[in-house]
Amino acid sequence: MRRRGRGWFAAFFLLVPAGVVAQTSRTAVIEQQVRDKEQALRPYEPGRLEKLALLAESPFDPSKPSTAVRSGWYPLFGTLPLRGGLSFGAGYRTRLPGRATADASLALSFRGYRQLQTGVTVPELGGGPIDVRVSARFRDYPRERFFGIGGDALVGDRVSYTMRDVDYVVALTAHPNEWLKAGLDAGYLSSALRPGRDSRFPSVE
């Protein structure tokens, strides 16, 4: 089975513990997760390793001079969905003529998830107050889950599917003065749904 789609869409995914009994509804699971989190709230503080990773992964800021852009290789950690398992990868970024910058990255996980991204940022296009970002992203997520439609869908009815898509985006950001900034994003999405590869659950077909 293979289904293709093109155009705009919004998707939301829910992580549910595998040990929940089959007749529990998604709504009940969410309510229990909220109660559990409320009892264990505490300020979040990233560890040393995470701080270093966040520093290495810091995105380009077109408002900064090109000398502030760190060119070269950088690591990626935890950039893929948690259900894909431990993820890792690497990227490369560099300065282009003028103040433009380019970057590309590849992330993989131990459960077969893949994501490839590339993009070019041109600040102050033509000397004007407009920044342009052109990017493309390929995703291959083979263990996505679908429970059914609505909060009353049973956890035991979940199935597995593969999500594969390519997303192209052009982003324009105008900053005519220090207190006003406006942006517009336009994109094209090509997606395909395939049989799932999570052995714990039936495939969607």
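Each value, and the rule that gives it
- Residue positions are given per chain, counted from 1 along the sequence in the order it is written.
- Since the coordinates come from a predicted model, pLDDT governs what is reported: local features require at least 70, and pairs of side-chain atoms require 80 or more to be given and counted, while whole-chain, interface and lining totals use all residues.
- The basis for every side-chain value is the complete set of non-hydrogen atoms in the structure, without hydrogens or water.
- Two strands qualify as a pair provided DSSP detects at least 2 bridges between them.
- Counting from the N terminus, the helices are the DSSP runs of H or I reaching at least four residues and the strands are the DSSP runs of E reaching at least two.
- Here the term buried applies to any residue with accessible area under 20% of the maximum for its type, exposed to any over 50%, and partly exposed to those in between, with areas from a 1.4 Å probe on protein chains only.
- Side-chain rings of Phe, Tyr and Trp, where Trp is taken by its six-membered ring, are said to pair if the distance between their centres is within 6.5 Å; with planes under 30 degrees apart they count as stacked, over 60 as edge-to-face, and otherwise as tilted.
- Two conditions define a charge located above a ring, namely a distance within 6 Å from the ring centre to NZ of Lys or CZ of Arg, and an angle within 35 degrees of the ring normal.
- Note on terminology: a nonpolar core comprises buried Ala, Val, Leu, Ile, Met, Phe, Trp, Tyr and Cys residues joined through side-chain atoms within 4.5 Å.
- The predictor attaches a confidence to each residue, and that confidence, scored 0 to 100, is pLDDT.
- Contact definition: two residues touch when any of their heavy atoms are within 4.5 Å.
- Any carboxyl oxygen of Asp or Glu within 4 Å of a side-chain nitrogen of Lys or Arg constitutes a salt bridge here.

Looking at the pairing of strand S3 (residues 87-95)
Link 1 in the chain: Across six bridges, the pairing between strand S2 (residues 72-77) and S3 is antiparallel. Each residue of the ladder has a partner; that of Pro75, found in S3, is Ala90.
Link 2 in the chain: Here S3 folds back onto strand S4 (residues 101-109), and the loop between the two strands holds five residues, one of which, Gly98, carries a positive phi near 80°.

Digging into the environment of Ala186
Link 1 in the chain: Mapped onto the elements of the fold, Ala186 is located in strand S8 (residues 180-195).
Link 2 in the chain: According to the relative accessible area criterion, Ala186 is partly exposed, its value standing at 42%.
Link 3 in the chain: Sequence-wise, Ala186 and Leu172 are 14 residues apart; in three dimensions their C-alpha atoms are separated by 8.7 Å.

Observations regarding the packing of aromatic side chains
Link 1 in the chain: Summed over all chains, the structure comprises three aromatic pairs.
Link 2 in the chain: Here Phe88 and Phe110 contribute two aromatic rings whose centre-to-centre distance is 5.5 Å and whose plane-to-plane angle is 50°, an arrangement assigned as tilted. Remark: Phe110 occurs in the loop between S4 and strand S5 (114-122) and Phe88 occurs in strand S3; sequence separation between them is 22 residues.
Link 3 in the chain: Arg93 extends its terminal NZ or CZ atom over the ring of Tyr74, reaching a point 4.2 Å from the ring centre.

Some words on the nonpolar core
Link 1 in the chain: Among the nonpolar cores identified, the biggest contains eight residues, and these are Tyr74, Leu76, Leu80, Ala107, Tyr113, Tyr141, Tyr161 and Met163.
Link 2 in the chain: Elements with a minimum of two residues in this core: S2 and strand S7 (159-177).

Here's the deal with the confidence of the model for the protein chain
Link 1 in the chain: Looking at the protein chain, the pLDDT average stands at 80 and 77% of residues meet or exceed 70.
Link 2 in the chain: Predicted confidence for residues 9-22 stays below pLDDT 50, and this span has 30 contacts to residues more than four positions away or in other chains.
Link 3 in the chain: Residue range residues 60-67 is modelled with pLDDT below 50. Its contacts to residues more than four positions away, or to other chains, number 17 contacts.

Digging into the pattern of salt bridges
Link 1 in the chain: Under the definition given, this model contains nine salt bridges.
Link 2 in the chain: Between Asp167 and Arg137 there is a salt bridge, and its shortest N-O distance comes to 3.4 Å. Separated by 30 residues along the polypeptide, Asp167 in strand S7 and Arg137 in strand S6 (residues 130-146) bring together distant segments of the chain.
Link 3 in the chain: Residue Arg137 is classed as partly exposed on the basis of its relative accessible area, which comes to 25%.
Link 4 in the chain: In this structure, Arg139 engages Asp165 in a salt bridge whose closest nitrogen and oxygen atoms are separated by 2.7 Å. Of this pair, Arg139 sits in strand S6 while Asp165 sits in strand S7, placing them 26 residues apart in sequence. Asp165 carries the same exposure label as Arg139, and that label is buried.

Details of the environment of Phe201
Link 1 in the chain: Structurally, the position occupied by Phe201 is in the segment after S8.
Link 2 in the chain: When the C-alpha atoms of Phe201 and Ser160 are compared, they prove to be 5.9 Å apart, with 41 residues separating the residues in sequence.

Re the pairing of S7
Link 1 in the chain: Here 15 bridges tie S6 to S7, and the two strands are oriented antiparallel to one another. What sits directly across from Asp140, in S7, is Arg164.
Link 2 in the chain: Where S7 lies against S8, 15 bridges are found, and the strand directions are antiparallel. If you follow Met163 over to S8, its bridge partner there is Leu193.
Link 3 in the chain: The hairpin turn running from S7 into S8, its antiparallel successor, is two residues long.

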